[in-house]
Amino acid sequence: MEDDRKDAVYGTPQKYDPTFKGPIYNRGCTDVICCVLLFLAIVGYVAVGIIAWTHGDPRKVIYPTDSRGEFCGQKGTKNADKPFLFYFNIVKCANPLVLLEFHCPTPQICVKQCPDRYLTLLSARNTRDFDYYKQFCVPGFQNNKGVAEILRDGECPAVIIPSKPLAQRCFPAIHANKGVLMVGNETTYEDGHGARKNITDLVEGAKKANKVLEARQLAMQIFEDYTVSWYWIIIGLVIAMVLSLLFIVLLRFLAGIMVWVMIVMVILVLGYGIFHCYMEYSRLRGEAGSDVSLVDLGFQTDLRVYLHLRQTWMAFMIILSILEVVIILLLIFLRKRILIAIALIKEASRAVGHVMCSLLYPLVTFFLLCLCIAYWASTSVFLSTSNTAVYKVVDDTACPLLRKTCNPETFPLRNESLQCPTARCQFAFYGGESTYHRALLGLQIFNAFMFFWLANFVLALGQVTLAGAFASYYWAMRKPDDMPAFPLFSAFGRALRYHTGSLAFGSLILAIVQIIRVMLEYLDQRLKAAQNKFAKFLMVCLKCCFWCLEKFIKFLNRNAYIMIAIYGTNFCTSARNAFFLLMRNIIRVAVLDKVTDFLFLLGKLLIVGSVGILAFFFFTHRIRIVQDTAPPLNYYWVPILTVIIGSYLIAHGFFSVYGMCVDTLFLCFCEDLERNDGSQERPYFMSPELRGILLKGNPQEGKQEEVEEE
């Protein structure tokens, strides 16, 4: 009675069908409307890309521009031999206007080199130093005016101070002298009216300006690290690929042994991590400054500073110890289920062995995802740089035209300039007021949405293809004789020919949820300054709900794609059937499917941990053999994190084949139990090895209880 009620709630179990022999080949197109929508969306996406590429200029993101909007140091421009940007009064860069309109309200020119000495306009005037000083005045400067007129017209800076180039911009060379921040060896300077001022004002202004561009500085240093270590990063990723492929091949022939070796190795790697953290913690005992707390230190862009604190290594040791204990406890409580999961992995290894080309399919998915990412990134950059140069009125005095748009060619001749004789028309930022420019935000949202849609479509295509190939293996009564000649290519062709619309439907639903999450993150950043606690609570709830919804949709889509690969039904029907089938076998889902996911996670951690430790010792120059080979870096954590993340993605790509194989075989197994009873008239399609460990009792009488159930 209880089973009947459960069947009534979660659908009707599959009935015996003597004609069913696996994936249906005579199928029709599904969800055609979504296929048409995807085609139209791609056409629109291409149109957006063409428009962005027509109007955009990526140089605006990388290279600085002077007050007339001309690039510094670019070939074919007036400033080809002047690569650095010089600010007349960098103190004004600390103005809040910089954050609002992304420009510094002071004249800016391109120079050949940053100043290396301290000079004022008054002190340099009528001396031999003025030839050096003139290179920091506007191009075409004529020394035929008084000092006051020169400063009023913004033709020369009042003072130049020793500076260093950073991101092709000249910033004051601030250094400490007996605990006092100084610029050069000077403590005062003269303004344009001959008044003596404390240079600390310049230092404070420079510090504020540096804070504004601190993120850009960090980005440039990270980029520099990539330029000198990219080939070593590639070598690390190749090592991760070789280890992943070797692990998968060994798993094919030695599944049971490899699983236990993997478990032991993960425990040993974590144990070594705990030991290393303890040794570093002990080494820092008594070292000056090592007892500073993380809270007192605050955020530092140079993460190497944290490695000199005992508290950092203590935190690492605690985290690794907790992880080690959790894994050991899970292994103790799941020891019986692990034996069953190993049997399922062995069956998956046999399936992969008969479809060996499936191990290379992640490369196809990776290539298609790279195309999606490259198109999205390039379109995003071109959209963000497709603005036009906007010039605004700048004046140090009160002026009714202040910050209004102007034309630098005609501004001196217009009547409006008479209202503000000292005003000047200066380049402000790249923007625009046309319909196209007003639509840029919407185009960026559409660009992000299409990226999510196409990326999810590529992943869905891979899942349906692998599911179709492995389903062909399971539903072959005589394995592998009854399998098609090329199961992977056959499944790929069926997916594209008949189910493009269904894949587009499933990926569209997921893309909508993901773009909503992105917009919630954007709103959360905009509302961080608000003090409304209810709004913050509501935002946290919404973010949590949509995160859970995304995870559920991914789980449902994955199983729906397996049903599409087997039966060729539309997305909604497949999702409903898959959900009901899983609910009718919810105990098996928790016992088998998720334990195998846990074992695969341990495999990924083993590969990532091994490659990560190797990268750490290499980039920190701790391997004596290659001490002179490792490149000098600003932040050695940059290539290490890149290698770790890349290794995880590579390992995930290889293990995803096994994961999809296990999920497919599991659903097929549940279907097999409902369709057949193990008799001669209705034999099981599962292999004898799988049947022997997943079922107990007399299978011909339909007793289908798990081994571990007591």
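Residues numbered from 1 in each chain as written. Predicted model: local features only at pLDDT ≥ 70, side-chain atom pairs only at ≥ 80, totals over all residues. Heavy atoms only, no water.

As recorded by an unreviewed UniProt entry, the protein carries the name Choline transporter-like protein and is attributed to Mus caroli. Its UniProt record, at the heading Subunit (unreviewed entry), says of the protein: "Interacts with COCH." According to the UniProt record, the Sequence similarities (unreviewed entry) comment for the protein reads "Belongs to the CTL (choline transporter-like) family." (UniProt positions renumbered as here; feature names shortened; annotations may be inferred.)

Visitor: So what's going on with the overall build of the protein? Residues and values would help.
Guide: Counting secondary structure elements, the protein contains 23 helices and 13 strands. In the protein, which comprises 710 residues, the proportion classed as buried is 45%. Within the protein, counting contacts between residues at least 6 apart in sequence, those at least 24 apart form 71% of the total. Total accessible area on the protein is roughly 36600 Å²; 65% of this is exposed by carbon and sulfur atoms. (Helix = DSSP H or I, 4+ residues; strand = E, 2+ residues; numbered from the N terminus. Buried < 20%, exposed > 50% of the residue type's maximum accessible area, 1.4 Å probe, protein only. Contact = heavy atoms within 4.5 Å. Areas by Shrake-Rupley, 256 points an atom, 1.4 Å probe, with all protein chains shown as cover.)

Visitor: Hey, could you go over the pattern of salt bridges for me, with residue numbers and the actual values?
Guide: Under the defined criterion, the tally for this structure stands at ten salt bridges. Notably, a salt bridge pairs R283 with E280, separated by 2.8 Å at the nearest N-O pair. Pair noted here: R283 and E280 are both in helix 10 (residues 255-283), with a separation of three residues, about one helical turn. Looking at R283, the relative accessible area reads 48%, which means it is partly exposed. By sharing partners, the salt bridges in this structure join R517, E550 and K554 into a single network. (Salt bridge = Lys/Arg side-chain N within 4 Å of Asp/Glu carboxyl O.)

Visitor: I'd love a proper account of the confidence of the model for the protein, names of residues and values included.
Guide: Residues of the protein with pLDDT of at least 70 account for 78%, and the chain-wide mean is 77. Confidence drops under a pLDDT of 50 for residues 1-6, and excluding neighbours within four residues, the segment shows two contacts in the predicted structure. (pLDDT = per-residue confidence, 0-100.)

Visitor: Give a detailed account of the packing of helix 19 (residues 533-567) against helix 20 (residues 571-584), specifying residues and quantitative values.
Guide: Contact geometry of helix 19 with helix 20 gives a least axis separation of 8 Å together with a crossing angle of 105 degrees. The pairing of helix 19 with helix 20 is recorded here as roughly perpendicular in orientation. Contacts from F552, F555, L556, N557, N559, A560, Y561, M563 and I564 in helix 19 reach F571, S574, A575, N577, A578, F579 and L582 in helix 20. Taken together, the residues that form the contact of helix 19 with helix 20 break down as twelve nonpolar, four polar and no charged. (Axes fitted to C-alpha atoms, helices over the stretch in contact; angles between N-to-C directions. Parallel < 35°, antiparallel > 145°, perpendicular 65-115°, else oblique. Nonpolar A, V, L, I, M, F, W, Y, C, P; charged D, E, K, R; others polar.)

Visitor: Go over the state of the cysteines, please, and point to the residues and values.
Guide: All chains considered together, the criterion is met by three disulfides. The disulfide partner of C114 is C170, and the S-S distance across this bridge is 2.0 Å. Between C114 and C170, the S-S torsion sits near -85 degrees, and that sign places the bridge as left-handed. Of this pair, C114 sits in the loop between strand 2 (108-111) and strand 3 (119-120) while C170 sits in strand 6 (residues 169-172), and the two are 56 residues apart along the sequence. For C170, a relative accessible area of 3% translates into the label buried. (Disulfide = S-S within 2.5 Å.)

Visitor: Outline helix 14 (residues 361-384), listing residues and values.
Guide: In this model helix 14 runs 35 Å from its N-terminal to its C-terminal C-alpha over 24 residues, within 8% of the 34 Å that 1.5 Å per residue would give. By the burial criterion, the buried members of helix 14 are Y361, P362, T365, C372, Y375, T379, S380 and L383. (Expected span 1.5 Å × (residues − 1).)

Visitor: Give a description of unusual backbone geometry that names residues and reports values.
Guide: The backbone of D31 sits at a positive phi, close to 50 degrees, despite the residue not being glycine. Its place among the elements puts D31 in the loop between helix 1 (2-9) and helix 2 (32-55).

Visitor: Outline helix 16 (residues 440-474), supporting the account with residue identities and numerical values.
Guide: At 3.6 residues per turn, the α-helix brings residues three or four places apart onto the same side. Taking 1.5 Å per residue as the helical rise, helix 16 with its 35 residues ought to reach 51 Å, and the 51 Å between its terminal C-alpha atoms agrees with that figure. With 28 of its 35 residues buried, helix 16 lies for the most part within the structure.

Visitor: Please give an account of the nonpolar core that cites residues and values.
Guide: Among the nonpolar cores identified, the biggest contains 102 residues, and W453, Y474, L599 and L602 are the most heavily contacted of them. Discounting residues that sit within four places of it in the chain, L602 has contacts with M262, I263, V266, I327 and L331. In this structure, L119, A124, Y133 and C170 belong to the second largest nonpolar core, which totals 19 residues. (Core = buried A, V, L, I, M, F, W, Y, C linked by side-chain atoms within 4.5 Å.)

Visitor: Give a description of the packing of aromatic side chains that names residues and reports values.
Guide: The full count for this structure, using the stated rule, is 26 aromatic pairs. Centroid distance F86 to F136: 5.2 Å. Interplanar angle 50 degrees. Geometry classified as tilted. Of this pair, F86 sits in strand 1 (residues 84-87) while F136 is found in the loop between helix 6 (130-133) and helix 7 (147-152), placing the two residues 50 residues apart along the sequence. An aromatic cluster of at least three residues, connected via ring pairs, comprises Y45, W53, Y375, F382 and F446. Over the ring of Y132 we find R117, and its NZ or CZ is 3.8 Å from the ring centre. Its end group placed over the ring of Y281, R310 keeps NZ or CZ at 4.0 Å from the ring centre. (Phe/Tyr/Trp six-rings, centres within 6.5 Å; stacked < 30°, edge-to-face > 60°. Lys NZ or Arg CZ within 6 Å of the ring centre and 35° of its normal.)

Visitor: So, the environment of W53: which residues are in play, and what are the values?
Guide: Examined against the element boundaries, W53 turns out to sit in helix 2. Overall, the relative accessible area of 39% leaves W53 in the partly exposed class. For W53 and T385, which are 332 residues apart along the polypeptide, the C-alpha to C-alpha distance reads 9.5 Å. Apart from the residues within four sequence positions on either side, W53 is in contact with Y375, S378, T379 and F382.

Visitor: Any chance you could break down the side chain of S472 for me, citing the residues and the numbers?
Guide: Secondary-structure assignment places S472 in helix 16. Within the structure, the side chain of S472 is placed 2.8 Å from the backbone oxygen of G468, a separation counted as a polar contact. Setting aside residues no more than four positions away along its own chain, S472 makes contact with P23, Y25, M483, P484, P487 and R494. (Polar contact = N/O pair within 3.5 Å; in protein donor to acceptor, adjacent residues only side chain to side chain.)

Visitor: So what about a nonpolar patch on the surface? Which residues, and what values?
Guide: On the surface, L245, L246, V249, L250, F253, L254, I257, V261, V264, M265 and L268 cluster together to form a nonpolar patch covering roughly 930 Å² of accessible area. Residue position: I257 is located in helix 10. (Patch = residues over 30% accessible without salt bridge, like charges linked within 9 Å, V, L, I, M, F, W, Y side chains within 5 Å.)

Visitor: Would you mind going over the packing of helix 12 (residues 310-333) against helix 13 (residues 335-354) in detail, with residue names and values included?
Guide: Running from amino to carboxyl end, helix 12 crosses helix 13 at an angle of 80 degrees, the nearest separation of the two axes being 4 Å. Taken together, the axes of helix 12 and helix 13 are roughly perpendicular relative to one another. In this structure, helix 12 uses L331, I332 and F333 to contact helix 13, whose residues at the interface are R335, R337 and I338. Class assignment of the residues belonging to the contact of helix 12 with helix 13 gives a composition of four nonpolar, no polar and two charged.

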